Amino acid sequence: MNTMQRVKPCVATALAAVLALVTALPAQAAPTPIAYDALGDSFAAGTGAGTPLDMCARTAAAHPQLLSGRMQLQLDDLAACAGADLADIAGQLTALDADTALVSISIGGNELDWITGVQLCASGIPGLCDGVVQAGQAGAAALTAPLAQLFAAVRLHAPNAQVVVTGYPRFFSPEYGDFSGTYQGVPFTLTTASQAGLNSVTDALNASLATAAAAAGVDFVGVADRFVDHGVNAPSPWITGADSMAPLHPTSQGQRAYAAAITAAVTPASLR
């Protein structure tokens, strides 16, 4: 018998031992899905980004739907509903419990009358838009305290969760010039100055959301930078037009930008 013939039985014996060991190892259990609840208004419901699925105008393109399945997140409740304001969120809090590991919330936009503001700014009456912008900024600033109270209530209802408050995008891209459109059959034009003023109201709202989130000990995730060059009047808009069924809302691409922003802010290991 040559050397190779003497080695083969040894190799076979070693392989058999390894196979026996692998077979004896316990099967790896699938990771437990991370329970995720989404609260808020039409921006969280996905309104305007696809076909409405229900009376709350939720769509399959809503960023909470897109997040479900990422990082082992499992959407337990999409409680967000079009038109929801601060007073409506109390009813949505019932979706939360001690098992909730992640909460996202979009709220505050319906406290400000955006469409009326756009109409007034497009009227061309000298000085009128300046008053609209000043009133909008003051209204946004006044939301800080009630928003902080709301976010604290979310923490109480979901004591083990990471709470993510999402901001709002700027609706306009003044760098592309005046914006002309039609709303309910009536044509209008917004100058670049009016667009910049209305965008500053969004900035004021985002500042209030960030301050309130910090006061409540939750996370603020801004999205405005992701929408740069993608306003309603940009060549590649991520905001629906004034003639849309849901004007000035994120498109499906805009909802994907929201999902990317939240994904970047969430560490799955910290949610377990």
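To be clear, the structure that these remarks concern was listed above.
Description of the structure in this document. (Residues numbered from 1 in each chain as written. Predicted model: local features only at pLDDT ≥ 70, side-chain atom pairs only at ≥ 80, totals over all residues. Heavy atoms only, no water.)

Spatially, β2-β1-β3-β4-β7 is the arrangement adopted by the 5 strands of the open sheet, whose pairing is parallel. For this open sheet the edge positions go to β2 (73-78) and β7 (219-221), each flanked by a neighbour on one side alone. Pairwise comparison of adjacent strand axes, ignoring direction, gives a mean angle of 25° for this sheet. Bridge count between strand β1 (residues 34-40) and β2: 5 bridges; the pairing is parallel. Bridging across to β2, Y36 finds its partner in L75. Against the sheet, helix α8 (residues 192-216) engages β4 (162-166) and β7, with an angle of about 160° to β7. (Pairing = 2+ DSSP bridges. Helix = DSSP H or I, 4+ residues; strand = E, 2+ residues; numbered from the N terminus. Axes fitted to C-alpha atoms, helices over the stretch in contact; angles between N-to-C directions. Contact = heavy atoms within 4.5 Å.)

Let's shift gears to the state of the cysteines. Counted by the stated rule, this structure contains 2 disulfides. Across a sulfur-sulfur distance of 2.0 Å, C56 and C81 are joined as a disulfide pair. With the S-S bond torsion at -90°, the cross-link from C56 to C81 turns out left-handed. Of this pair, C56 sits in the loop between α2 (42-45) and α3 (63-67) while C81 sits in the loop between β2 and α4 (86-92), and the two are 25 residues apart along the sequence. Across this residue pair, the class does not change: C56 and C81 are buried. When the bonded cysteines of the protein are counted from the start of the sequence, the pairing works out to 1-2, 3-4. (Disulfide = S-S within 2.5 Å. Buried < 20%, exposed > 50% of the residue type's maximum accessible area, 1.4 Å probe, protein only.)

Residues L39, V103, I105, F151, V154, F172 and L190 are the most contacted members of the largest nonpolar core, which totals 73 residues. The biggest single contributor to this core is α8, with 8 residues. If sequence neighbours within four positions are ignored, L39 has contacts with A44, A79, A80, Q92, L93, A95, L96, V103, S104, I105, S106 and V154. (Core = buried A, V, L, I, M, F, W, Y, C linked by side-chain atoms within 4.5 Å.)

Turning our eyes to something else, we now look at α8. Along its 25 residues, α8 runs 36 Å from first to last C-alpha, staying within 8% of the 36 Å computed at 1.5 Å per residue. Positive backbone phi, at 75°, marks G217, one or two positions downstream of α8. (Expected span 1.5 Å × (residues − 1).)

Time to look at the packing of helix α6 (residues 128-141) against α8. Across the interface, α6 lies against α8 with an axial gap of 8 Å and an inter-helix angle of 5°. One finds that α6 runs roughly parallel with respect to α8. Residue-level contacts link C129, V132, V133, G136, Q137, A140 and A141 of α6 to S194, G197, L198, S200, V201, A204, L205 and S208 of α8. Looking at side-chain class alone, the contact of α6 with α8 contains 9 nonpolar, 6 polar and no charged residues. (Parallel < 35°, antiparallel > 145°, perpendicular 65-115°, else oblique. Nonpolar A, V, L, I, M, F, W, Y, C, P; charged D, E, K, R; others polar.)

Take the environment of A234 next. Among the secondary structure elements, A234 is positioned in the loop between β7 and α9 (252-265). What A234 contacts, discounting residues up to four positions off in sequence, is S173, Y176 and D229.

The full count for this structure, using the stated rule, is 2 salt bridges. Between D54 and R58 there is a salt bridge; the shortest N-O distance is 2.9 Å. We classify D54 as partly exposed; its relative accessible area is 32%. With relative accessibility at 18%, the residue R58 sits in the buried group. The closest approach of N and O atoms between R170 and D203, which form a salt bridge, is 2.8 Å. With a gap of 33 residues between them, R170 in the loop between β4 and β5 (179-183) and D203 in helix α8 connect regions that are remote in the sequence. In this structure R170 comes out as partly exposed when scored by relative accessible area, which is 27%. With relative accessibility at 33%, the residue D203 sits in the partly exposed group. (Salt bridge = Lys/Arg side-chain N within 4 Å of Asp/Glu carboxyl O.)

The final tally for this structure, using the stated rule, is 8 aromatic pairs. Centroid distance F43 to Y168: 5.1 Å. Interplanar angle 65°. Geometry classified as edge-to-face. You can see F43 sitting in helix α2 and its partner Y168 sitting in the loop between β4 and β5, a full 125 residues away along the chain. When its relative accessible area of 3% is taken as the criterion, Y168 is described as buried. Between F172 and F179 the ring centres are 6.1 Å apart and the planes differ by 50°, which places this aromatic pair in the tilted class. Chaining the aromatic ring pairs together yields one cluster made of F43, W114, Y168, F171, F172, F179 and F188. (Phe/Tyr/Trp six-rings, centres within 6.5 Å; stacked < 30°, edge-to-face > 60°.)

Read these as geometric descriptors, not functional statements.
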